[in-house]
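What follows is each chain in one-letter form.
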Amino acid sequence: MLKEKIENLKKQFLAEIEKISAQGGSASGGRPSDEALFELEKKYTGRKSEFIGILKSLKDLSPEEKKQIGELANNTKNQIWEIIKNKRQEISENSFDAEKEKIDVTIPGKKKSAGHFNPISLVRRDIEDIFVSMGYEIADGPEVETGWYNFDALNIPKDHPARDMQDTFFLDAKDGEEKLSMRSQTSAVQARYMEKNKPPLRIIVPGKCYRREATDTTHDHTFYQFEALIAGENVNVGNLKFTAQEFFSAFFKQDVTVRLRPSYFPFVEPGFEFDISCTVCGGKGCRACKGGGWLEIGGAGMVNQNVFVSAGYPRNKYQGFAWGFGLERLAMMKYKIDDVRLFHSGDLRFIKQF
Ligand code: PHE
């Protein structure tokens, strides 16, 4: 009876150790965990185990049986301990499986796609860096503007034909209230800034502008400009030309020459149309500059005294220069883009190239 019991216990033990080894999973190489082994040892050979119960009951047996069963019980217990000991050793020897855990450091990593700047932002940041390094401040203004700042303060009186040079989008207004509009030029920030700041001052104003425009490859209804404005004493056209030349040379990373052609903008006197030497051929003449060697950039000039007066400065005390250049224009030149409408198209095939 006892003999059978002992043999059954052994069978049971063997089945159980196999089971907890399998539970360790294939990743463990079929090895049980330390805790599971400890529990098993306690269950089969611990103080309260059936096994110890059997050993204790040996005293009631005949000397002959005592010897036989005692020996069997002891052997079995030792076998159990031996098996457990071996398992423990296996665990400690193999807790680090170099083969399974090796990492191939030469496998190419998974690329995370990070966002990036829109070409307009890239160009804006370039421009800002260059002007900040020249001691300029970066100023800002609202995109919804009053007629005063967008036109009147810039020496463009109501009913003056010059207002027609720029058409814009008007917002609805209640009866008797002024109709605000989307600003048509960053020049609108000139008077806003000068009202609050006295010369000497040097600013650039990068920002969005809007015009009611039939769009084509070089015109869009929504676009960016960057205004430059400097005011102080003894400012002249030479300063304008030199500053612009320094800027464009830094921006295009090549020597750029500047050309001023007489033109008319109500808020400057004298006013210029502003060209730079072609960044593709250097001025010799090519397809990009249609053979002329020059690229049109925007408008510029010496600040009209009427603008200073509108901003609250005394007449004829200060001089200054100003320009307004299109940001898209510069981005198109820098990155060789042939349609301005791409910038606002939302086309990822375009955006992803930058
Ligand atoms: N604001 C003008 C335009 O958008 C450009 C300009 C700015 C011209 C400053 C002269 C001086 O066309």
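Keep in mind the model is a prediction, meaning the values are calculated, not measured.

Peer 1: Would you take a moment to explain the overall build of the protein chain for this structure?
Peer 2: Summing up its helical and strand segments, the protein chain has 12 helices and 9 strands in all. Over its C-alpha trace the protein chain gives a radius of gyration of 43 Å, far above what one expects of a compact globule, namely 20 Å for 354 residues. If one aligns the C-alpha atoms of the protein chain with their principal axes, the spans along those axes are about 130 × 55 × 40 Å. Expressed as a percentage of the 354 residues in the protein chain, the buried residues total 41%. The contacts of the protein chain with a sequence gap of at least 6 include a subset with a gap of at least 24, amounting to 66%. Working note: accessible area of the protein chain is about 20800 Å², and carbon and sulfur atoms make up 51% of it. Charged side chains in the protein chain number 52 positive and 51 negative. The centres of these two groups are separated by 4 Å.

Peer 1: Even after reading the chapter, I still don't get a nonpolar patch on the surface, so can you show me in this structure?
Peer 2: Taken together, the side chains of Val-144, Leu-171 and Leu-180 present a nonpolar region at the surface, about 190 Å² in accessible area. Counting through the fold element by element, Leu-171 comes out in the loop between helix 7 (147–150) and strand 3 (181–182).

Peer 1: Sorry, what's going on with the pairing of strand 8 (residues 294–303) here?
Peer 2: For a regular strand, the rule is simple: side chains alternate between the two faces of the sheet. With respect to burial, strand 8 is a largely interior element, 8 of its 10 residues being buried. Across 8 bridges, the pairing between strand 7 (residues 268–277) and strand 8 is antiparallel. Note that in strand 8 the partner of Asp-275 across the bridge is Glu-296. Pairing of strand 8 with strand 9 (residues 319–326), which is carried by 5 bridges, proceeds in the antiparallel orientation. The residue bridging Gly-301 from the neighbouring strand is Ala-322, located in strand 9.

Peer 1: Before we go on, may I ask you to explain the packing of helix 1 (residues 2–23) against helix 2 (residues 34–45) in this structure?
Peer 2: The geometry of a pair of packed helices is captured by two quantities: the angle between their axes and the separation between those axes. One way to put it is that helix 1 packs onto helix 2 with a least axis distance of 11 Å and a crossing angle of 170°. Considering their axes alone, helix 1 and helix 2 lie roughly antiparallel with respect to each other. Where helix 1 abuts helix 2, its residues Leu-9, Gln-12, Phe-13, Glu-16, Ile-17 and Ile-20 lie against Ala-36, Leu-37, Leu-40, Lys-43 and Tyr-44. Looking at the contact of helix 1 with helix 2 residue by residue, the classes come out as 8 nonpolar, 1 polar and 2 charged.

Peer 1: Just to check I follow, could you spell out unusual backbone geometry for this structure?
Peer 2: With glycine set apart, most residues show a phi of negative sign, and most peptide bonds adopt trans. Geometrically, the link from Pro-199 to Pro-200 is a cis peptide bond, its omega value of 5° lying close to zero. As for its placement among the helices and strands, Pro-200 is situated in the loop between helix 8 (188–196) and strand 4 (201–210). The backbone phi angle of Lys-253 is positive, close to 55°, even though this residue is not glycine. Inspection of the secondary structure assignment puts Lys-253 in the loop between helix 9 (237–252) and strand 6 (258–263). Accessibility expressed as a relative area gives 70% for Lys-253, which makes it exposed. Its identity as a non-glycine residue notwithstanding, Asn-316 has a phi of 65°, on the positive side. Summarising the element assignment, Asn-316 is placed in the loop between helix 10 (305–310) and strand 9.

Peer 1: Quick question: what am I supposed to make of the site of the ligand here?
Peer 2: Surrounding the ligand, one finds 14 residues, the nearest of these being Gln-185, Ser-187, Arg-211, Gln-225 and Gly-324. Contact distances for the ligand include 2.7 Å between a nitrogen atom and a side-chain N or O atom of Gln-185. One of the side-chain nitrogen or oxygen atoms of Gln-225 is found 2.8 Å away from an oxygen atom of the ligand. Summarising the interface, the protein chains cover 93% of the accessible area of the ligand, which totals 320 Å² for the free molecule. Elements represented by at least two residues in the shell around the ligand include exactly strand 5 (222–232), strand 8 and strand 9. Here the shell around the ligand gets 3 residues from one element, more than from any other, and that element is strand 9.

Peer 1: Could you clarify how one ought to interpret helix 11 (residues 327–335) in this entry?
Peer 2: Because the α-helix completes a turn every 3.6 residues, residues three or four places apart line up on one side. Regarding helix 11, the residues found buried are Leu-327, Glu-328, Leu-330, Ala-331, Met-332 and Met-333. Packing partners of the buried residues in helix 11 comprise helix 6 (119–133), strand 5, helix 9, strand 7, strand 8 and strand 9. Two residues or fewer after helix 11 comes Lys-336, characterised by a positive phi angle close to 55°.

Peer 1: What am I meant to see in the pattern of salt bridges here?
Peer 2: Where charged atoms from two side chains of opposite charge come close, those side chains can pair. Summed over the entire model, instances satisfying the criterion amount to 12 salt bridges. The partner of Asp-152 in a salt bridge is Lys-158, with the nearest N and O atoms 3.2 Å apart. Accessibility expressed as a relative area gives 17% for Asp-152, which makes it buried. Asp-152 serves as the salt-bridge partner of Arg-163, at 2.7 Å between the closest nitrogen and oxygen. Taken as a pair, Arg-163 in the loop between helix 7 and strand 3 and Asp-152 in the loop between helix 7 and strand 3 lie far apart in primary sequence, 11 residues in all. Among the ionic contacts, a cluster of salt bridges with common partners joins Asp-152, Lys-158 and Arg-163.

Reading guide: rules and limits
Residues numbered from 1 in each chain as written. Predicted model: local features only at pLDDT ≥ 70, side-chain atom pairs only at ≥ 80, totals over all residues. Heavy atoms only, no water. Helix = DSSP H or I, 4+ residues; strand = E, 2+ residues; numbered from the N terminus. Rg over C-alpha atoms; globule rule 2.2 N^0.38 Å. Buried < 20%, exposed > 50% of the residue type's maximum accessible area, 1.4 Å probe, protein only. Contact = heavy atoms within 4.5 Å. Areas by Shrake-Rupley, 256 points an atom, 1.4 Å probe, with all protein chains shown as cover. Lys, Arg positive; Asp, Glu negative; His and termini not counted. Charge placed at Lys NZ, Arg CZ, Asp CG, Glu CD. Patch = residues over 30% accessible without salt bridge, like charges linked within 9 Å, V, L, I, M, F, W, Y side chains within 5 Å. Salt bridge = Lys/Arg side-chain N within 4 Å of Asp/Glu carboxyl O. Pairing = 2+ DSSP bridges. Axes fitted to C-alpha atoms, helices over the stretch in contact; angles between N-to-C directions. Parallel < 35°, antiparallel > 145°, perpendicular 65-115°, else oblique. Nonpolar A, V, L, I, M, F, W, Y, C, P; charged D, E, K, R; others polar. Near = heavy atom within 4 Å. Polar contact = N/O pair within 3.5 Å; in protein donor to acceptor, adjacent residues only side chain to side chain.

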